Amino acid sequence: MAHTLYWLTHDLRLDDNPALLRAALGESLLLVYCVNPDWFVPGRLLSASMGAHRLQFLREALVGLSNSLNGIGQHLLILEERPQIALARLVRQNAIQRLVCSSQFGMDEKCELQALAKNLPDLEIEEVDTYTLFNRQAIDSINDGVLTTYSRFRRQAEKWEAMPVLPTPERLPPPPKAVIRKEKMPPNFLAEQAASEKLITGGERAAQEHLAQYFAGDLPLSYKAVRNELDGFNNSSKMSSWLNMGCLSIRRLRWTVEDYESKHGGNESTYWLFVELLWREYFLWLALHIESQLFSFHGAAAQPPMTKFQQEKFECWCKGDTPYPLVNACMRQLNRSGFLSNRGRQIAASCFVNELAQDWRYGAAFFEQQLVDYNVAVNWGNWQYIAGVGADPRGGRHFNLKKQTELYDANGEYRRRWARS
Ligand SMILES: Cc1cc2nc3c(=O)[nH]c(=O)nc-3n(C[C@H](O)[C@H](O)[C@H](O)COP(=O)(O)OP(=O)(O)OC[C@H]3O[C@@H](n4cnc5c(N)ncnc54)[C@H](O)[C@@H]3O)c2cc1C
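Residues numbered from 1 in each chain as written. Predicted model: local features only at pLDDT ≥ 70, side-chain atom pairs only at ≥ 80, totals over all residues.

Q: Please provide a residue-by-residue account of the overall build of the chain, values included.
A: On a plain count of helices and strands, the chain comes out with 19 helices and 5 strands. What you see for the chain is a C-alpha radius of gyration of 22 Å, in line with the 22 Å of a compact globule of 421 residues. Structurally, the chain occupies a C-alpha span of about 65 × 50 × 45 Å along its principal axes. Among the 421 residues that make up the chain, the fraction classed as buried is 44%. Across the chain, every contact between residues at least 6 apart in sequence was considered, and the portion connecting residues at least 24 apart equals 80%. (Helix = DSSP H or I, 4+ residues; strand = E, 2+ residues; numbered from the N terminus. Rg over C-alpha atoms; globule rule 2.2 N^0.38 Å. Buried ≥ 20, exposed ≤ 12 C-beta atoms within 10 Å, placed from the backbone. Contact = placed C-beta atoms within 7 Å.)

If you want it as structure tokens, here you go:
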């Protein structure tokens, strides 16, 4: 019976959490979340990894999870420290033999794990798939060629069954006695509030409520017809932030769609929701496959893009001060709310790469900072797609801004709504 540490990352939930269930097979269980100080420091692409909107969502998710854990005899230790330092200390101090965490898709988290494994060779490390529809065995069973395009992947993945959902644990092993009293929680982290025009609240309970609401009526039946609208809460599912912070299990969502189809009858729209979940799945597995190429200027392209970096243009785009009113509205919505529709993201990204001729990576890093629903594989993968350096047989996307304005904001309502910074 090992003393186990569960390092929580993008899996802030009790429902359908196979990593938590694995971690619970031990004598004692230490649950730890690390708020990495590096997230808040601007990197070489000028943006920080975490901005105020996602931070607020994260706080809400951690408070909710902490309360739920207290109800089943556990405690969540939240530390403002780099994981490899905090986890190594906790492992040593508490004679931890086993570390469990979710499979990691981001390079930073993977590096943290590698450093930990090197530093603590006797520690048993177990990574569990909690973030995807399918598990690694399914992906390992296909050849690499399947990941070269989305359509190939989709043809294959449509035949697979998603993993079943797992129950919420009713009780967990207790935390090691000394540790909770000894470790200092970050004093202000959970209490601070960011000013934001937020659409959604973080946490598992809010996710479950939203899931129930979205599937209570007819919204899924018209999803395909409205998903491209620029604005409007009900015009797309708005599941992404909860999915990506792990407050909602992707498998729970998938089975909810199936259940809805069996009760109400499926149509093209409910099927399309599944198709979009497969896009998320595709980008995640592709990111693991291509590793650091996800962040490289060339990406998968034979030729580098004909773009460069100009600070002034970059700053105007970030603020929503470009010569293009539709793009400005998109960027202001992103900055004020932390959310942007898929169409808005495509328009803003295409303008950055094509009209402004800027190095796509600076735009991707700014989205990373601003989006509540940021997902490393999906964000950088979509940016590569638009910049023409990703897994895209058509070689990039250029959205005609005049046409997009006529199609999606003919009466100017969206531009007026988000005109203010
Ligand atoms: C430049 C750019 C950057 C993006 N960055 C992110 C990101 O960091 N995180 C993120 O979750 N999505 C990202 N997307 C994809 C997409 O815009 C969002 O998933 C979607 O807008 C979220 O809103 P929703 O949950 O209402 O989506 P819905 O339309 O309801 O779709 C349901 C789910 O399908 C998945 N999905 C939908 N569209 C895509 C897509 N194009 N690629 C992959 N998965 C998709 C998401 O998980 C989403 O929650 C990006 C798209 C672009 C063009």
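Q: Account for the domain arrangement of the chain, with residues named and values stated.
A: Partitioning the chain into structural domains gives domain 1 (3-130), domain 2 (204-290) and domain 3 (296-417). Centre-to-centre, using C-alpha coordinates, domain 2 lies 23 Å away from domain 3. Between domain 2 and domain 3, the residue contacts involve 13 residues of the former and 17 residues of the latter. Those elements that place two or more of their residues in the side of domain 2 that touches domain 3 are helix 10 (240-245) and helix 12 (268-290). With 5 residues, helix 12 is the largest single contributor of residues to the side of domain 2 that touches domain 3. (Domains from an automatic or database assignment.)

Q: I'd like to hear about the packing of helix 11 (residues 250-264) against helix 12, residue by residue, with values.
A: Angle between the axes and distance between the axes: these two values describe a pair of packed helices. Between helix 11 and helix 12, the shortest axis-to-axis distance is 10 Å and the interhelical angle comes to 165 degrees. Between helix 11 and helix 12, the angle is such that the two are roughly antiparallel. Both helix 11 and helix 12 take part in a crossing whose hand is left-handed. Counting all contacts with helix 11, which are made through Ile250, Leu253, Arg254, Val257, Tyr260 and Glu261, the residues of helix 12 involved are Thr270, Leu273, Phe274 and Leu277. (Axes fitted to C-alpha atoms, helices over the stretch in contact; angles between N-to-C directions. Parallel < 35°, antiparallel > 145°, perpendicular 65-115°, else oblique. Left-handed = near helix turned anticlockwise from the far one by under 90°.)

Q: Now, about the nonpolar core: what can you tell me, with residues and values included?
A: Membership of the largest hydrophobic core comes to 109 residues, with the highest contact counts inside it found for Leu5, Tyr6, Val32, Ala287, Cys330, Ala348 and Ala377. When neighbours within four sequence positions are excluded, Leu5 is seen to be in contact with Leu30, Val32, Leu87, Leu90, Val91, Ile96 and Leu99. (Core = buried A, V, L, I, M, F, W, Y, C linked by C-beta atoms within 7 Å.)

Q: I'd like a description of the site of the ligand, backed by residues and values.
A: Close to the ligand lie 29 residues, the nearest being Ser236, Ser237, Ser240, Glu276 and Asn379. Only helix 10, helix 12, helix 15 (342-355) and helix 17 (376-387) provide two or more residues apiece to the shell around the ligand. A class-by-class count of the residues in the shell around the ligand yields 13 nonpolar, 10 polar and 6 charged. Residues from two domains meet in the shell around the ligand; each of domain 2 (204-290) and domain 3 (296-417) gives at least three. (Near = placed C-beta within 6 Å. Nonpolar A, V, L, I, M, F, W, Y, C, P; charged D, E, K, R; others polar.)

Q: Residues and numbers for the packing of helix 6 (residues 150-157) against helix 12, please.
A: The geometry of helix 6 relative to helix 12 is characterised by a closest axis approach of 10 Å and an angle of 115 degrees between their N-to-C directions. Here helix 6 is positioned roughly perpendicular relative to helix 12, judged by the angle of their axes. As helix 6 runs across helix 12, the sense of the crossing is right-handed. For the pair formed by helix 6 and helix 12, the contact residues are Tyr150, Phe153, Arg154 and Ala157 on the first element and Leu278, Trp279, Glu281 and Tyr282 on the second. Here the residues of the contact of helix 6 with helix 12 sort into 6 nonpolar, no polar and 2 charged.

Q: Quick one: what's the story with helix 8 (residues 204-214), residue by residue and with numbers?
A: Those residues of helix 8 that fall on the buried side of the exposure criterion are Glu204, Ala207 and Tyr214. Along the long axis of helix 8, the arc covered by the buried residues comes to 95 degrees, so they all point the same way. Pointing more than 90 degrees away from the buried face of helix 8 are the exposed residues Glu209, Ala212 and Gln213. The inward-facing, buried residues of helix 8 contact helix 2 (52-70) and helix 10. (Arc of directions from axis to C-beta.)

Q: I'd like a rundown of the pairing of strand 3 (residues 76-79), residues and numbers included.
A: Burial along strand 3 is two-sided: Leu76 and Ile78 facing one way and Leu77 and Leu79 facing the other are all buried. Here strand 2 (residues 28-34) pairs with strand 3 via 4 bridges, running parallel. Across the sheet, residue Tyr33 finds its bridge partner in strand 3, namely Ile78. One crossover worth recording links strand 2 to the parallel strand 3 by way of helix 2, and it is right-handed. (Pairing = 2+ DSSP bridges. Right-handed = clockwise from strand over helix to strand, strands pointing away.)

Q: Can you break down the sheet that holds strand 4 (residues 98-102) residue by residue, with the values?
A: Read across the sheet, 5 strands follow the order 3-2-1-4-5 without closing on themselves; strand pairing throughout is parallel. Looking at which strands have only one partner, the edges of the open sheet turn out to be strand 3 and strand 5 (124-128). Neighbour-to-neighbour, the strand axes of the sheet open up by a mean angle of 25 degrees, direction not taken into account. The pairing of strand 1 (residues 3-8) with strand 2 spans 6 bridges and is parallel. Counted as the bridge partner of Leu8 is Tyr33 from strand 2. The sheet strands contacting helix 2 are strand 2 and strand 3, and the helix crosses strand 3 at an angle near 150 degrees.

Q: Can you tell me about helix 12, naming the residues and giving the values?
A: Across its 23 residues, helix 12 extends 32 Å between first and last C-alpha, which sits within 8% of the 33 Å expected from 1.5 Å per residue. When helix 12 is considered as a whole, its buried residues turn out to be Leu273, Leu277, Arg280, Glu281, Tyr282, Phe283, Leu284, Trp285, Leu286, Ala287 and Ile290. Where helix 12 is buried, its residues meet helix 5 (136-140), helix 6, helix 9 (223-226), helix 11 and helix 17. One or two positions beyond helix 12, positive phi appears at Glu291, with a value near 50 degrees. (Expected span 1.5 Å × (residues − 1).)

Q: Quick rundown of the environment of Gly388? Include the residues and the values.
A: One can find Gly388 in the loop between helix 17 and helix 18 (401-408). Expressed as a C-alpha distance, the spacing of Gly388 and Phe57, which sit 331 residues apart in the sequence, is 32 Å. If near-sequence neighbours (up to four positions away) are discounted, Gly388 is found in contact with Ala301, Pro305, Gly395 and Gly396.

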